[in-house]
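# Structural characterization, general
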Amino acid sequence: MLTRVQKESIVRELTDVFQRTPILALFDYKGISVQMISELRDQIRGLGGVLRVGKNTLLRIAIKEAGFEDTNLLNQISGTNAILYAKEDADPMQVLRAMVKFAKDQPFLVPKAAIFEGQVFIGETVVDLSKLPSREELYAMLCNRLHTPIYKTVYALNGILAKLLYALEAIKTEKEKIE
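Presented here is a report on the structure given in the accompanying data block. What you are looking at is a predicted structure, and each value in this text was computed from that prediction instead of being measured.

### With respect to the side chain of lysine 112
- Its location among the elements puts lysine 112 in strand β4 (residues 110-116).
- It turns out lysine 112 is buried and unbridged, and the closest side chain with the opposite charge, aspartate 28, is 4.7 Å from it.
- In this structure the side chain of lysine 112 is engaged in a polar contact, spanning 2.3 Å, whose partner is the backbone oxygen of serine 78.
- Those residues within four positions of lysine 112 in sequence are excluded, and the remaining contacts are Leu26, Phe27, Asp28, Gln76, Ser78, Thr80, Asn81, Phe121, Ile122, Gly123 and Val126.

Here it is, written out as structure tokens:
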């Protein structure tokens, strides 16, 4: 049994984490073995995320104190809850994607809710959220979009220069024939 001081400490810690993390997700983990949870924790930790289990009352208080008063979200806090969040330097989509991928293989691990950039997602929309591209993928798309017009401009200018060289070569050949 936790003392009041320990509970307050846990709530403060969770509130601080929930305010700073880019993503927070709740999963029902009822029926998952300890070994599977340990494997999942290791996998999530390797991506810069944290997976932990918390008491519903403390979790509900921490979410309210973090500024998320959505009743749909608070209604999801019942039963067994695994809390997933990404550390500040981690890619939140990679962390969520790993959790959802693991959940597809384990019918007992069910996504309940998520908060991403202050917006609440409930149920299957958490799975849809995990399909968003990661930060690196977005950077790659942006670089590709910026690269394409520059490449086309260089290619067009190169074509103009090549035509100029062909014209100069033709003039030179004509002058040589005349002489």
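### Quick notes on the pattern of salt bridges
- Applying the stated rule across the entire model yields five salt bridges.
- Between glutamate 13 and arginine 52 there is a salt bridge, and its shortest N-O distance comes to 3.0 Å. Residue glutamate 13 is located in helix α1 (residues 4-20), and its partner arginine 52 is located in strand β2 (residues 49-53); the two are separated by 39 residues in the primary sequence.
- Residues glutamate 88 and arginine 20 are paired through a salt bridge, measuring 2.5 Å at the closest nitrogen-oxygen approach. Taken together, the residues span a long stretch of sequence, with glutamate 88 in the loop between β3 (81-86) and α5 (92-105) and arginine 20 in helix α1 at a distance of 68 residues.
- One continuous salt-bridge network, built from bridges that share partners, spans Asp16, Arg20 and Glu88.

### Remarks on the pairing of strand β5 (residues 119-122)
- In the sheet, β4 pairs with β5 via four bridges, with the strands oriented antiparallel. Bridging from a neighbouring strand, isoleucine 115 pairs with valine 120 of β5.
- The turn linking β4 back onto β5 is made up of two residues, and glutamate 117 within it adopts a positive phi angle of 55°.

### Looking at unusual backbone geometry
- With a phi angle near 55°, glutamate 117 is a residue other than glycine that sits in the positive phi range.
- Structurally, glutamate 117 can be placed in the loop between β4 and β5.

### Points about a nonpolar patch on the surface
- Together, Leu161, Leu164, Leu165, Leu168 and Ile171 make up a nonpolar patch on the protein surface, roughly 500 Å² of accessible area in all.
- According to the relative accessible area criterion, leucine 165 is exposed, its value standing at 56%.

### What about the nonpolar core?
- Grouped together as the largest cluster of nonpolar side chains are 28 residues, with contacts concentrated most on Phe27, Leu84, Leu96, Met99, Leu109 and Leu129.
- Broken down by element, this core gets its largest block of residues, eight residues, from α5.
- Grouped together as the second largest cluster of nonpolar side chains are 19 residues, Val11, Ala62, Ala66 and Ile77 included.

Cut-off values and rules
Residues numbered from 1 in each chain as written. Predicted model: local features only at pLDDT ≥ 70, side-chain atom pairs only at ≥ 80, totals over all residues. Heavy atoms only, no water. Helix = DSSP H or I, 4+ residues; strand = E, 2+ residues; numbered from the N terminus. Buried < 20%, exposed > 50% of the residue type's maximum accessible area, 1.4 Å probe, protein only. Lys, Arg positive; Asp, Glu negative; His and termini not counted. Salt bridge = Lys/Arg side-chain N within 4 Å of Asp/Glu carboxyl O. Polar contact = N/O pair within 3.5 Å; in protein donor to acceptor, adjacent residues only side chain to side chain. Contact = heavy atoms within 4.5 Å. Pairing = 2+ DSSP bridges. Patch = residues over 30% accessible without salt bridge, like charges linked within 9 Å, V, L, I, M, F, W, Y side chains within 5 Å. Areas by Shrake-Rupley, 256 points an atom, 1.4 Å probe, with all protein chains shown as cover. Core = buried A, V, L, I, M, F, W, Y, C linked by side-chain atoms within 4.5 Å.

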